[in-house]
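Read off the chains here:
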Amino acid sequence: MGDGEPRVPTAIAVTSADMALPPQDERTLPAAVLQDVDRRPLDHVLAELQTLVDQCGHVIVVCSEAVPAGVERRLHTVRALLETDRIALFRPPLPPLGIAVLARQLRQLASCDLGPGVLASAGRLLTHYIHAGALLGSVARLDRVPVDLKAHARSWVPGSQFGVVAHPEPQLVRIGAEAALSGPEFGTSLLVAKGQLPSDWVTGTLAPAWRVQGLREAALPAESSGWWGTGRLTEFCAYLPDLSVLYQLVTSVRQDACHWCGIDVIGDRCVFCSATPPVYDDDDGGGRGGGASGRDRALGHRRDPALGRRRERRALTG
């Protein structure tokens, strides 16, 4: 942290209490829970978001793609009525337990010396380091991961179970002696949320195979059954638990000022105002102006090396 007035941490909000996981460490900030935003009176929700903005400066709302359509509409309505670019709505392509884990990682990082734009952009980066899946009793209604006809047919066989990874790459196997799912190539912890299915395969087979460095349990989010198409499941998520690792990942990536709202961000899109960098024509092949592109001249800096490792670059542009 630099000199001057203490920085008020950016608020990390979730759309239900079961998405606010217990703190990972002593620095994890509490989540702001926006409960039933589609059911409560509009003026109540407006006042709640306005208070958060007034207190924290910026608010990052992390929500699942499985939330009711009315929740997303209400959040966009409130943001428009408040006429502010200080509220970011972030809906990464993760299952509900993965959303809860990502929100907690942002709550960890919110205690650090990161500006709101960098923190919001960090969500897109960290999404690519989350391995999220489930043990399912049926894939008959699963539409988030490709399911072939054979797997659909086996869903009707009593006692069948399936191991599924939805992110970062889709995988599906029928549980048996040789069943295996590819996992992360780096050290992670595993969070397990048990539904109406025993978690023995996840804790006894998957966790050792993925060489997880810690295993914890959590309550199954209410949105999980709808996301996975069945209540007969145990959801799991492998993630980076240490704040120091998360901070190093984020701060190792180059920061730029958003050309529209001026906030510092990482990557190619501002999560608050949704602006992407303008495209300028490069100089012709003769190299007038030293070969710098129009975009470099407009932003007033030289062309820096490519961003970090291949995974980080893909994460920020995908």
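Since the structure is predicted, the reported quantities are computational estimates derived from the model, not experimental observations. (Residues numbered from 1 in each chain as written. Predicted model: local features only at pLDDT ≥ 70, side-chain atom pairs only at ≥ 80, totals over all residues. Heavy atoms only, no water.)

In terms of regular secondary structure, the chain is built from 10 helices and 12 strands. The burial tally for the chain puts 47% of its 318 residues in the buried class. Counting only contacts in the chain whose residues sit at least 6 apart along the sequence, the fraction spanning at least 24 positions is 72%. In the form shown here, the chain has an accessible surface area of approximately 15,500 Å², with 49% of it arising from carbon and sulfur atoms. (Helix = DSSP H or I, 4+ residues; strand = E, 2+ residues; numbered from the N terminus. Buried < 20%, exposed > 50% of the residue type's maximum accessible area, 1.4 Å probe, protein only. Contact = heavy atoms within 4.5 Å. Areas by Shrake-Rupley, 256 points an atom, 1.4 Å probe, with all protein chains shown as cover.)

With that settled, the discussion passes to the pattern of salt bridges. Taken as a whole, this structure holds 6 salt bridges when the rule is applied. The shortest N-O distance in the salt bridge between Glu65 and Arg144 comes to 3.8 Å. Residue Glu65 is found in the loop between strand S3 (59-62) and helix H2 (69-82), and its partner Arg144 is found in the loop between strand S5 (131-136) and helix H5 (149-154); the two are separated by 79 residues along the sequence. Residue classification places Arg144 among the partly exposed positions, given a relative accessible area of 33%. Among the charged side chains, a salt-bridge network with shared partners connects Glu65, Asp143 and Arg144. (Salt bridge = Lys/Arg side-chain N within 4 Å of Asp/Glu carboxyl O.)

We now examine helix H1 (residues 42-56). Counted at 1.5 Å a residue, the expected span for H1 with its 15 residues is 21 Å, and the 21 Å between its end C-alpha atoms agrees. When H1 is considered as a whole, its buried residues turn out to be Val45, Leu49, Leu52, Val53 and Cys56. For H1, the arc enclosing every buried residue in end-on projection is 100°, short of the 170-degree limit, so these residues lie on one face. Seen from the buried face of H1, the exposed residues on the opposite side, beyond 90 degrees, are Asp54 and Gln55. Buried residues along H1 sit against strand S1 (11-14), strand S2 (32-33), S3, H2 and strand S4 (87-90). Taken from the residues just after H1, Gly57 is the one with a positive phi, measuring 85°. (Expected span 1.5 Å × (residues − 1). Arc of directions from axis to C-beta.)

Moving on, we come to the side chain of His58. Mapped onto the elements of the fold, His58 is located in the loop between H1 and S3. Given the relative accessible area of 14%, His58 is considered buried. Contact partners of His58, with chain neighbours within four places excluded, come to Thr10, Ala11, Arg86, Pro116, Ile263 and Phe272.

Right, let's get into the environment of Gly57. For Gly57, the position within the fold is in the loop between H1 and S3. Among the residues examined, Gly57 registers a relative accessible area of 18% and is labelled buried. A sequence separation of 46 residues divides Gly57 from Ala11, and the C-alpha atoms of the two residues are 8.1 Å apart. When sequence neighbours within four positions are dropped, the list of residues in contact with Gly57 reads Leu52 and Arg86.

The quantities given are spatial measurements derived from coordinates; they are silent on function.
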